[in-house]
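Residues per chain, in single letters:
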Amino acid sequence: MKKSVTTFLLACALVLGTAAMALAADAEVQVAGLKVFQWTIIAAGFGIAIAAFGTGLAQGNAIRGAVEGTARNPEASGKITVTMIIGLALIESLCIYALVVALILLYAYPMALPIAKMLGLPV
Amino acid sequence: MEHPFMILVAILETIGLGHFAHAYPHVLYTWLVMVVLIILAWLAGRNTQMIPGKMQNVFEVVLDGIEGFQVDMMGEEGRPYFPLIATIGIYIFISNTMGLIPGMMSPTSNINTTLSCAIVTFVATHYVGIKCHGLKYVKHFMGPLLPLAPLMIPIEIISHLARVLSLTLRLFGNIMGEDLVLAILFILFGQYFVPLPMMFLGLFTSFVQAFIFALLSMLYISGALEEAH
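Owing to the predicted nature of the structure, the values given are computational and were not obtained by experimental measurement. (Residues numbered from 1 in each chain as written. Chains lettered and ligands numbered in written order. Predicted model: local features only at pLDDT ≥ 70, side-chain atom pairs only at ≥ 80, totals over all residues.)

Digging into the overall build of chain B
For the record, the criterion: By the criteria applied, helices consist of DSSP H or I runs no shorter than four residues and strands consist of E runs no shorter than two, each listed in order from the N terminus. With C-beta atoms placed from the backbone, a residue counts as buried when 20 or more other C-beta atoms lie within 10 Å of its own, as exposed when 12 or fewer do, and as partly exposed for counts between those limits. We call two residues in contact when their backbone-placed C-beta atoms lie within 7 Å.
Along chain B, the regular secondary structure elements total eight helices and zero strands. Along chain B, helices and strands appear, N-terminal first, in the series α-α-α-α-α-α-α-α. Sorting the 229 residues of chain B into buried and exposed places 27% on the buried side. For chain B, the share of sequence-separated contacts (at least 6 apart) that also reach a separation of at least 24 residues comes to 65%.

Re the overall build of chain A
Scanning chain A from N- to C-terminus turns up four helices and zero strands. Order of helices (α) and strands (β) in chain A, N terminus to C terminus: α-α-α-α. Across the 123 residues of chain A, 8% fall into the buried class. Considering only contacts in chain A between residues 6 or more positions apart, those separated by 24 or more positions represent 67%.

Details of the nonpolar core
As a reminder of what qualifies: In plain words, the nonpolar core is the set of buried Ala, Val, Leu, Ile, Met, Phe, Trp, Tyr and Cys residues that C-beta atoms within 7 Å link up.
Counting 39 residues, the largest nonpolar core has Ile88, Ile92 and Phe213 of chain B as its most contacted members. Elements with a contribution of two residues or more to this core: helix 3 (77-107) of chain A together with helix 3 (25-44), helix 5 (82-98), helix 6 (111-133), helix 7 (149-189) and helix 8 (195-225) of chain B. For this core, the element with the highest residue contribution is helix 8 of chain B, accounting for nine residues. Residue contacts for Ile92 of chain B: discarding those within four places in its chain leaves Thr108, Cys117, Leu171, Ala210 and Phe213 of chain B.

Here's the deal with the interface of chain A and chain B
Each partner contributes to the interface: chain A provides 10 residues, whereas chain B provides 12 residues. Looking at the side of chain A that touches chain B, the elements with two or more residues in it are helix 1 (2-24) and helix 3 of chain A. Looking at the side of chain A that touches chain B, the element that brings in the most residues is helix 3 of chain A, giving eight residues.

Let's talk about the packing of helix 4 (residues 54-74) of chain B against helix 5 of chain B
All names here are of chain B. Spelled out, the test is: Geometry is summarised by axes, namely lines fitted to C-alpha atoms with helices restricted to the contacting stretch, and by angles between N-to-C directions that run from 0 to 180 degrees. Each angle gets one of four labels, with under 35 degrees taken as roughly parallel, over 145 as roughly antiparallel, 65 to 115 as roughly perpendicular, and the rest as oblique. By convention, the crossing between two helices is left-handed when the near helix turns anticlockwise from the far helix through less than a right angle, and right-handed when the turn is clockwise.
Relative to each other, helix 4 and helix 5 sit at 120°, their axes nearing to 10 Å. It follows from the interaxial angle that helix 4 and helix 5 lie oblique. Where helix 4 crosses over helix 5, the two elements pack in a sense that is right-handed. Mapping the contact onto sequence places Leu63, Ile66, Glu67 and Gln70 in helix 4 and Phe82, Ile85, Ala86 and Gly89 in helix 5.

Observations regarding helix 7 of chain B
Inclusion rule: Helices are assigned an expected span. That span is 1.5 Å times one less than the residue count.
Taking 1.5 Å of rise per residue, 41 residues should cover 60 Å, and helix 7 of chain B covers 58 Å from first to last C-alpha, within 8% of that figure. Along helix 7 of chain B, the residues that are buried comprise Leu167, Thr168, Leu169, Arg170, Leu171, Phe172, Gly173, Asn174, Ile175, Met176, Glu178 and Asp179 of chain B. Those residues of helix 7 of chain B that are buried lie in contact with helix 3 of chain A together with helix 5, helix 6 and helix 8 of chain B.

With respect to the confidence of the model for chain B
Let me state the cut-off plainly: For every residue, the predictor reports its confidence as pLDDT, a number between 0 and 100.
When pLDDT is averaged across chain B, the result is 87; 98% of the residues are at 70 or more. Across the predicted assembly, pTM comes out at 0.83 and ipTM at 0.77.

Thoughts on the packing of helix 2 (residues 27-72) of chain A against helix 4 (residues 112-119) of chain A
Describing two packed helices takes the angle between their axes plus the distance from one axis to the other. Residues and elements named next belong to chain A. Note the cut-off: Each residue is assigned to one class: nonpolar for Ala, Val, Leu, Ile, Met, Phe, Trp, Tyr, Cys and Pro, charged for Asp, Glu, Lys and Arg, and polar for all the others, Gly among them.
Remark: helix 2 packs on helix 4, axes separated minimally by 10 Å, with the N-to-C direction vectors making an angle of 155°. Taken together, the axis directions place helix 2 and helix 4 in an arrangement best described as roughly antiparallel. Here helix 2 and helix 4 pass one another in a crossing that is right-handed. Residues Val29, Ala32, Gly33 and Val36 of helix 2 touch helix 4, and the partners they reach there are Ile115, Ala116 and Leu119. Along the lines of polarity and charge, the residues of the contact of helix 2 with helix 4 split into six nonpolar, one polar and no charged.

As for helix 3 of chain A
Residues separated by three or four positions in an α-helix point in the same direction, a consequence of the helix having 3.6 residues per turn. With 31 residues, helix 3 of chain A extends 43 Å between its outermost C-alpha atoms, agreeing within 8% with the 45 Å of an ideal straight helix rising 1.5 Å per residue. If you check which residues of helix 3 of chain A are buried, you get Ala89, Glu92, Cys95, Ile96, Leu99, Ala102 and Leu105 of chain A. In this structure, the buried side of helix 3 of chain A is in contact with helix 2 of chain A together with helix 7 and helix 8 of chain B. Positive backbone phi, approximately 40°, marks Tyr109 of chain A, located one or two places after helix 3 of chain A.

Topic: the environment of Ile221 of chain B
Residue and element names in this part refer to chain B. With respect to the helices and strands, the residue Ile221 is situated in helix 8. Residue classification places Ile221 among the buried positions, given that 25 C-beta atoms sit within 10 Å. With 156 residues separating them in the primary sequence, Ile221 and Gly65 have C-alpha atoms 19 Å apart. In contact with Ile221, not counting residues within four places along its chain, are Gly78, Tyr81, Ala124, Thr125 and Val128.

Observations regarding the confidence of the model for chain A
Of all residues in chain A, 80% attain a pLDDT of 70 or more, and the chain-wide mean is 81. Per-residue pLDDT stays below 50 along residues 15-24 of chain A; that stretch engages in eight contacts with residues further than four places along the chain or on separate chains.

Notes on the environment of Phe172 of chain B
Residues and elements named next belong to chain B. The residue Phe172 is located in helix 7 in this model. Taking the C-beta count within 10 Å as the criterion, Phe172 has 23 such neighbours and is therefore assigned buried. Linking Phe172 and Thr114, residues 58 residues apart in sequence, is a C-alpha distance of 6.1 Å.

So, in structure tokens, the structure goes:
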């Protein structure tokens, strides 16, 4: 129930936003402004997807090394496991950087004001 | 993303400090973590005995584990920095796990808290380096060969600043991401207990992230303590 309410409010905000822009700006300028935002949404989605793909490969490699090492020398399995966990957390942090950039693109609208000025919208 | 319900914020609203509570919930919850840690430490250290009671035993295990690991990593000269590392580790662990309790928020899910922890580590690293080596600490930045120094100094400075950024973003991204996923799962599927596996994963990553932060602080401080090449 809450999800449909939030999506409805979001749709209202989008419509009202574009209506407000249309009242004072040209139709092509308004479409251009929306296109910039569309491209940032697509970029955010692809960015985090590619980062997750790379992280999956890298962490798989790390675990492969750790398991092979443990198979050769089961007595060292404690130290190897600790080193593996540390390595996994460091690899994961690269994916987290991409996630933070994607969230910034989606929720913080960087460069919204300069782009609006460049497109000639009244800000 | 609507505002989640937080217990301390609601309590402060009844007092009348609603503006402060809504703007800075992470500060409120940091105070809560401080109070919890101080009370636990006071309870554990109240009357220490040779054969420890329950509370003292738990804390001895925790601190012994951290100290053993630290001396393993840093060597004997790193022993004076044990309070700093242990405080960072325990504080970040308690802060991270607090977000899993419904009605509370982790202070580390806000970038201000994690940035402050990273700045503490950064300042501690350089303070330790200057205290141990004096002005010769600059040799750490100059690289292996003297003619390479004009190339190495900007690279080293940028890499030191990147350490602050990476510590901040790693902790912030992990904890905020987990909080976000939990909030979304609560909103969508809360009644089928779907957030429960995510909470187990959250407990694990809270511990791992606190451990990694403390471990990297140890490595940076020991890098500042060692002799420059």
